[in-house]
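Given next are the chains, with one letter for each unit.
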Amino acid sequence: MPIDVYLNVTTVGILTGLVYGLMALGLSVIFGVVRVVNFAHGEMMSIAMYLTVLLFSSLNLDPLVMLVPIAAVLFVFGYALQAGLINPFISRPEHSQFLLLVALALIIVNALLIIFGPDARTVQTAYAFDSFQVGPLIVDATKLYAGAAAIVVAALLFGFFRFALIGKAIRACADNYTGALVVGLDVKRLYALTFGIGAACVGAAGVMMTLIVDVTPIIGPTYTLLAFVIVITGGLGSMAGALLGGLLIGVTEALAGLLFTPSAKSMFAFAILVLVLLFRPQGILGRRSI
Amino acid sequence: MPRRIRVSRRHLLASAVAGATSVAAPAILRAQGASSRPPLKVGVLLPRSGFEASIGQDCQRGVDIAPGILKSLNLPELAVMNADTESNVDVARERAEKLINDGAQLLVGAFDSGQSTAIAQVAEQKGIPFVINIAAAPDITEQGYKFVFRNFLTAQMILSSAFENQLELFNLIGAFPKSVVFMHVNDTFGTAMAKGINAVMPKFNMPYKILDEVSYDPTARDLSVEVAKAKGANADALLAVSRLNDAMLITRELVKQRWTPQAVLSMGPGWYEDQYLKTLGKLSSGPISFVPFQDPNKKLTKVLEAALAKAYPGINLSTNHVYTFEALLIAADAYKRAGSGEPKALADAIRTTNITDNVSIGPGIQFNAKGQNDKLKCGTIQNRGGKLVTLAPKEAANAKPEWPMAPYQNRA
Amino acid sequence: MAAKTKTLAHLADRFARLAALVFGDVPPRSMALLGTLLALLLIAPWLINDYLLTVLIIVLYFAFTGQAWNIMMGFAGQLSLGHAIYAGLGGYIAAVLFARFGIAPWLGFLAAIPAAAACGAMIGFLAFRFRVAGVYFAILTIAFAEFARIGFDHLEFVNASAGLFLPVAQYAHNDLWHLRGNPTMFYYVILAAAAIVFVLCRALLKSRVGYCWLAIREDEQAARSLGIDSFRYKMAAVMISAVITSFAGVFYAFFYNNLFPEQVFNISRSIEMILGPIIGGIGTLFGPIVGAFVLTGLAEALNTMLIALGFDLPGAKQVFYGVCLLLVVAALPDGVWPWLARLIGVEERRR
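Residues numbered from 1 in each chain as written. Chains lettered and ligands numbered in written order. Predicted model: local features only at pLDDT ≥ 70, side-chain atom pairs only at ≥ 80, totals over all residues.

Considerations on the overall build of chain C
The following threshold applies: Each helix corresponds to a stretch of at least 4 residues labelled H or I by DSSP, and each strand to a stretch of at least 2 residues labelled E; elements are numbered beginning at the N terminus. Every radius of gyration here is taken over C-alpha atoms, with the globule rule written as 2.2 Å times N^0.38, N being the number of residues. Using C-beta atoms placed from the backbone, we call a residue buried if 20 or more other C-beta atoms fall within 10 Å of its own, exposed if 12 or fewer do, and partly exposed for counts in between.
The number of helices and strands found in chain C is 15 helices and two strands. In summary, chain C has a C-alpha radius of gyration of 21 Å against a globular reference of 20 Å for 351 residues, a match within 12%. Summarising its shape, the C-alpha atoms of chain C cover approximately 55 × 55 × 50 Å along the three principal directions. With 351 residues in all, chain C has 50% of them scored as buried.

Okay, here's the thing in structure tokens:
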């Protein structure tokens, strides 16, 4: 296989990995702070994707333009979900949380099926088939834009948690729950806020994802699993870790698909996950104490 | 485009009958004599939710337009009982039991081989005839069942017919690809076809060599790596067995990675389906599919087309509708000849079915001792300007082939 | 002659003592209820039609797998979300042995036992030695199940994703040895299996092993400080659970007569298995059984209701089902059984 095929495939892996990373970022925030096992993560993303498709087909707005409004809608959704439904479950055992979110995921998937029907929906922008040629490298335009947008959103989020007061408060909740209470932080509201932010993140990722893939009601579960794999690999509570995890999984799957049977490429992601869980459970960039 | 949400079966049947009535108005007056018998209770099992929802709901359209057409053919009335298998084997079996419990005298379904196997066991055990509309796993009709019938090609049959058709096509155009790269989806159908190729291809002296085989995950949302690998094989043409979503993904990647194969030879669903044509527009022309299909020159095909256009405007007639409709046609025809709805009589009547005035390509509907219609053939169809034209076999052809494919980059 | 009666009496005495040990301190009301349930289930095939029989088979199947999973979760406190791997292994091993070599499923199960135990041991070892717990353990189990799914999807020996089909014999007579026959035979097989597992769980709980498990679940540090080798006991829980689940796989394979890796190892299968015990009540003996009845009953009721209303909307049933699940898990955090038990006055000691 000529070298440019490897180059192309690696590039694809990197770009797609960035978008996966953004999706996982949302989960990292939710899981890392609120400690809820969000098994409806992929389904939330599919809501965002359907919103994008809907707005695109009715108003003809480019997805990247719709990034902010849709992320905002998902923020509200996440906030309401946390405050209304999930809050009492935080102290409950994992299997209860799990069941709650699995039930939620089931409802979302089938509601989407009823509303939008089973056929795949796409967003065909004017630049949907463009590609840039740089020497032997052929870079897909939509993937490039999506990847770039992912980096921007991740940077914004990073800045928020680093420098904004609320961001620091949220980090405090994650680090030391009791301490945060003692200091007088309204933990309940901050949790809801965090869930909202995580949802906004996954919403943004969803908007970008519509540029790359087609939407069907049932794509949620695969992405939920992927998000967990990335978050655990990259490290809980570390945003850079989520992005790095996304990159790692994206590139590994791409190269594995090239070198081995593409239909088995997911095995490598799971193999990496197992190795990380065993030898470095805090993840590549995670901190020691979980 | 907002999707019509159906709330009532009765409403649906009513609108379908209304649609077909205007096509067959005079015939209905004649048919009144035949329908003095009680309608035959037919249970239809399809995956209308779950991961096969899209295909199941498409098959359902073939069910919905059937009653009117059957009436116009002077055939007895069917009382259809719809059930959703939820793309799940357990549910399929249970639903089949429930339908039989609720009085179904005949079952039709279920698109998926696994679910069809489960239903076949129930049907055989209860002695209720089961007519399979679409399922390609050969094993189903190898079990010695007396009550299971399949009016569809097995994977082996699809392959043999496809290779035959390809040779016929190459003869017609006087050209052929010297090498192909074989891409297939790694699910039940795709794998059965891939395996079958090794067994079946040597019998046909195909002029091309398979340089590489790229199998991909059915749930893959992004096939850039797979297509890159296929492109890297440097073959003349692309041989494919895909589903609808992968066909669209692959095509997009072909455009983005700037590779237009000499031809896309598909031996499965996807490349000729409505959504493919609509979504990809100008980029959808070119691929040639060797698949079970309707014979455009048959009389009943035109009737079916008209009925579909009336009930579901904008949807082209294709495999899912055709074979599902034919399953109901078989049921009604058998009921007429059996004279009673007694299951054993029905089964015996089905076994002696001989319908030449049907829709699908081939000499007609007959069943061998195993309950399989082994005379079915594939058609060769090509996408052209948002429509489908039939290139072969000769009796069914209505256009000349376009070879090689117009380069994607030149299509505005 | 005298010697024979003596050994019989001796055996009977041993049996009685064992029964007393296992069921001794069960309140008479509970025993009465249990007896009634068992009696009803035994004569069910004569009371109900074939469709309901199939539903009951599914209920008992999930009661069975639920009990097996409960051993790992309720007793040893490990949340496994990849239990389908054991069922899949059991099913495939028995199916391949039958399809290719004509070996009976009971022997096939014997062959599957070491495989399932080894798989469970591997997962358990990796988890416990490397201190993977809680959600991480759950994700680890998912990873292994997915691994198996993709692996089997490419394994030529079991026909890969094209699926493994078992030769089906006619239903003229029941062949228990080869598990070929009509649904009534399968019903009694799964009923026996569920009953045996129920008694087994009860026996385990009352034994030393059970108390060690309880101690480990409540406070592992304290248990270890008392000298309990938590690693060994947790491993035992995992392996027992795995082996029992593999039998479920064998049953499944021979009842449905076809296996596809995509479906058999699918995460939705694992989720189906654990819904019962969670809804019914983790750690309780009746939880999985009650859960299985509630869930399957709910699904069927929803279906019947929607059809009766003429509501032919694919996906509607699942939405209602999900809403019901939500309501149950929100309103009854401990599960349906503890609430039900309080209601009918047979409160099980909260484990």
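That shown, we press on.
Describing the overall build of chain A
Stated precisely, the cut-off is as follows: Distance between backbone-placed C-beta atoms decides contact: two residues are in contact if it is within 7 Å.
Check the secondary structure of chain A and you find 11 helices and two strands. C-alpha atoms of chain A, sized along the principal axes, occupy 60 × 45 × 35 Å. Split into buried and exposed, the 290 residues of chain A put 60% on the buried side. Expressed as a percentage of contacts within chain A between residues at least 6 apart in sequence, the contacts between residues at least 24 apart total 80%.

Overview of the pairing of strand β11 (residues 379-384) of chain B
Residues and elements named next belong to chain B. Selection rule: The pairing criterion is simple: DSSP has to find at least two bridges between the two strands.
Summarising burial for β11: five of the six residues are buried, a large majority. Here five bridges tie β11 to strand β12 (residues 387-392), and the two strands are oriented antiparallel to one another. The residue bridging arginine 384 from the neighbouring strand is lysine 387, located in β12. Hairpin geometry of β11 and β12 is characterised by an intervening segment of two residues between the two adjacent antiparallel strands and by a positive phi of about 55° at glycine 385.

Brief notes about the interface of chain B and chain A
Heads up, the rule is: Polarity classes work like this: nonpolar for Ala, Val, Leu, Ile, Met, Phe, Trp, Tyr, Cys and Pro, charged for Asp, Glu, Lys and Arg, and polar for all others, with Gly in that last group.
Across the contact, 29 residues belong to chain B and 31 residues belong to chain A. If you list the elements that add at least two residues to the side of chain B that touches chain A, you get α2 (53-64), β7 (209-216), α8 (224-232), α9 (244-256) and α10 (274-280) of chain B. The element best represented in the side of chain B that touches chain A is α8(B), accounting for six residues. Residue classes in the side of chain B that touches chain A are distributed as eight nonpolar, 12 polar and nine charged.

With respect to the nonpolar core
Quick note on the threshold: One nonpolar core equals one set of buried Ala, Val, Leu, Ile, Met, Phe, Trp, Tyr and Cys residues connected by C-beta atoms within 7 Å. These domain limits were set by an automatic method or by a database of domain assignments.
Counting residues in each nonpolar core, the largest one holds 364 residues, and the members touching the most others are A:Val19, A:Leu22, B:Leu107, B:Ile119, B:Phe130, B:Leu328 and B:Ala331. Examining the composition of this core, we find that 19 residues originate from one element, helix α10 (residues 230-256) of chain C, more than from any other. Three or more residues apiece are contributed to this core by two domains, here domain 1 (9-153 + 295-376) and domain 2 (156-291 + 380-410) of chain B. Residues contacting B:Phe130, with those up to four places away along its chain left out, are B:Leu107, B:Ile119, B:Ala120, B:Ala123, B:Phe147, B:Val148 and B:Phe149.

A closer look at the interface of chain C and chain A
In this complex, chain C contributes 33 residues to the contact, which on the side of chain A involves 29 residues. When contributions to the side of chain C that touches chain A are tallied by element, the ones reaching two or more residues are α6 (134-153), α12 (267-280) and α14 (316-331) of chain C. Partitioning the side of chain C that touches chain A into residue classes produces 27 nonpolar, five polar and one charged.

Details of α6(C)
Cut-off, in case you're wondering: Every helix has an expected span of 1.5 Å times one less than the residues it contains.
Taking 1.5 Å of rise per residue, 20 residues should cover 28 Å, and α6(C) covers 29 Å from first to last C-alpha, within 8% of that figure. The buried count for α6(C) comes to 17 of 20 residues, which makes it a mostly enclosed element.

Points about the packing of helix α10 (residues 239-259) of chain A against α8(B)
The criterion, for reference: Lines fitted to C-alpha atoms define the axes here, with helix axes fitted over just the stretch in contact, and angles between the N-to-C directions of these axes take values from 0 to 180 degrees. Handedness of each helix crossing follows the sense of rotation of the near helix against the far helix: counterclockwise by less than a right angle gives left-handed, clockwise gives right-handed.
At a minimum axis distance of 9 Å, the contact between α10(A) and α8(B) shows a crossing angle of 30°. Regarding α10(A) and α8(B), the two cross each other, and that crossing is right-handed. Of the residues in α8(B), those in contact with A:Ala254, A:Gly257 and A:Leu258 of α10(A) are B:Val225, B:Glu226, B:Ala228 and B:Lys229.

Thoughts on α14(C)
With 16 residues, α14(C) extends 23 Å between its outermost C-alpha atoms, agreeing within 8% with the 22 Å of an ideal straight helix rising 1.5 Å per residue. Burial in α14(C) covers these residues: C:Ala316, C:Lys317, C:Gln318, C:Tyr321, C:Gly322, C:Leu325, C:Val328 and C:Val329. Lining the buried residues of α14(C) we find α4 (94-116) of chain A together with α12, α13 (287-308) and α15 (336-344) of chain C.

A word on the confidence of the model for chain A
Keep this limit in mind: Across the chain, each position has a pLDDT score giving the predictor's confidence in that residue, from 0 to 100.
Mean pLDDT over chain A stands at 87; residues scoring 70 or higher make up 98%. Element-level pLDDT for chain A is lowest in helix α6 (residues 165-175) of chain A, with a mean of 80, against a maximum mean of 93 in helix α2 (residues 41-59) of chain A.

Side note on the sheet that holds strand β5 (residues 148-150) of chain B
Residue and element names in this part refer to chain B. Here five strands make up an open sheet; going across it, the order is β2-β1-β3-β4-β5 and the pairing parallel. Two strands lie at the open edges of the sheet, namely β2 (78-84) and β5, each paired on one side alone. On average, adjacent strands in this sheet sit at an angle of 20° to one another, irrespective of strand direction. In terms of strand pairing, strand β4 (residues 130-132) meets β5 through three bridges, oriented parallel. Bridge pairing links valine 131 to phenylalanine 149 in β5.

Remarks on the environment of B:Ala309
Within the secondary structure, B:Ala309 is located in helix α11 (residues 299-311). For B:Ala309, a count of 15 C-beta atoms within 10 Å gives the class partly exposed.

Things to note about the pairing of β7(B)
Residue and element names in this part refer to chain B. Inclusion rule: Convention used here: a crossover is right-handed provided that the path from the first strand, over the helix, to the second strand proceeds clockwise when the strands point away from the viewer.
Bridging between strand β6 (residues 179-185) and β7 involves seven bridges; their strand directions are parallel. Paired with valine 180 across the two strands is isoleucine 210, which belongs to β7. A crossover links β6 with its parallel partner β7, the connecting element being helix α7 (residues 188-200), and its sense is right-handed.

So, the sheet that holds β12(B)
Residue and element names in this part refer to chain B. With mixed pairing, seven strands are arranged side by side in an open sheet as β7-β6-β8-β9-β10-β11-β12. Each edge of the open sheet carries a strand with a single partner, namely β7 and β12. Taking the axes of each pair of neighbouring strands and ignoring which way they run, one obtains an average angle of 25° across the sheet. Strand direction decides the pairing type here: strand β10 (residues 288-291) and β11, joined by four bridges, are antiparallel. Bridge pairing in β11 places phenylalanine 290 opposite threonine 380.

A look at the environment of B:Gly190
Residue and element names in this part refer to chain B. With respect to the helices, strands and loops of the structure, glycine 190 is situated in helix α7. Given 26 C-beta atoms within a 10 Å radius, glycine 190 is considered buried. Residues glycine 190 and arginine 243 lie 53 residues apart in sequence; the distance between their C-alpha atoms is 8.9 Å. With residues up to four places along the chain from it excluded, the contact list for glycine 190 reads His184, Val185 and Val241.

Digging into the packing of helix α9 (residues 220-234) of chain A against α10(A)
Residue and element names in this part refer to chain A. At a minimum axis separation of 7 Å, α9 and α10 run at an interaxial angle of 115°. Two packed elements cross with a definite hand, and for α9 against α10 that hand is right-handed. Contacts between α9 and α10 involve Val229, Ile230, Val231, Thr233 and Gly234 on the former and, on the latter, Gly241, Ala242, Leu244, Gly245, Gly246, Leu248 and Ile249. Tallied by class, residues from the contact of α9 with α10 come to seven nonpolar, five polar and no charged.

Brief notes about unusual backbone geometry
B:Gly109 connects to B:Ala110 through a cis peptide bond whose omega is -10°. Within the fold, B:Ala110 resides in the loop between β3 (106-109) and α5 (113-126). Following B:Trp403, the chain continues to B:Pro404 via a peptide bond in cis, the omega torsion being -5°. Tracing the chain through its elements places B:Pro404 in the segment after β12. A positive phi angle is found at A:Asn60, which is not glycine, with a value near 60°. Checked against the element boundaries, A:Asn60 lands in the loop between α2 and α3 (63-86).

Overview of the confidence of the model for chain C
Residues and elements named next belong to chain C. For chain C, mean pLDDT is 87; residues scoring 70 or higher make up 96% of the total. By mean pLDDT, the top-scoring element of chain C is helix α4 (residues 84-101) (94), and the lowest-scoring one is helix α1 (residues 2-23) (78). At the level of chain-chain contacts, confidence expressed as ipTM amounts to 0.87, with global pTM at 0.87.

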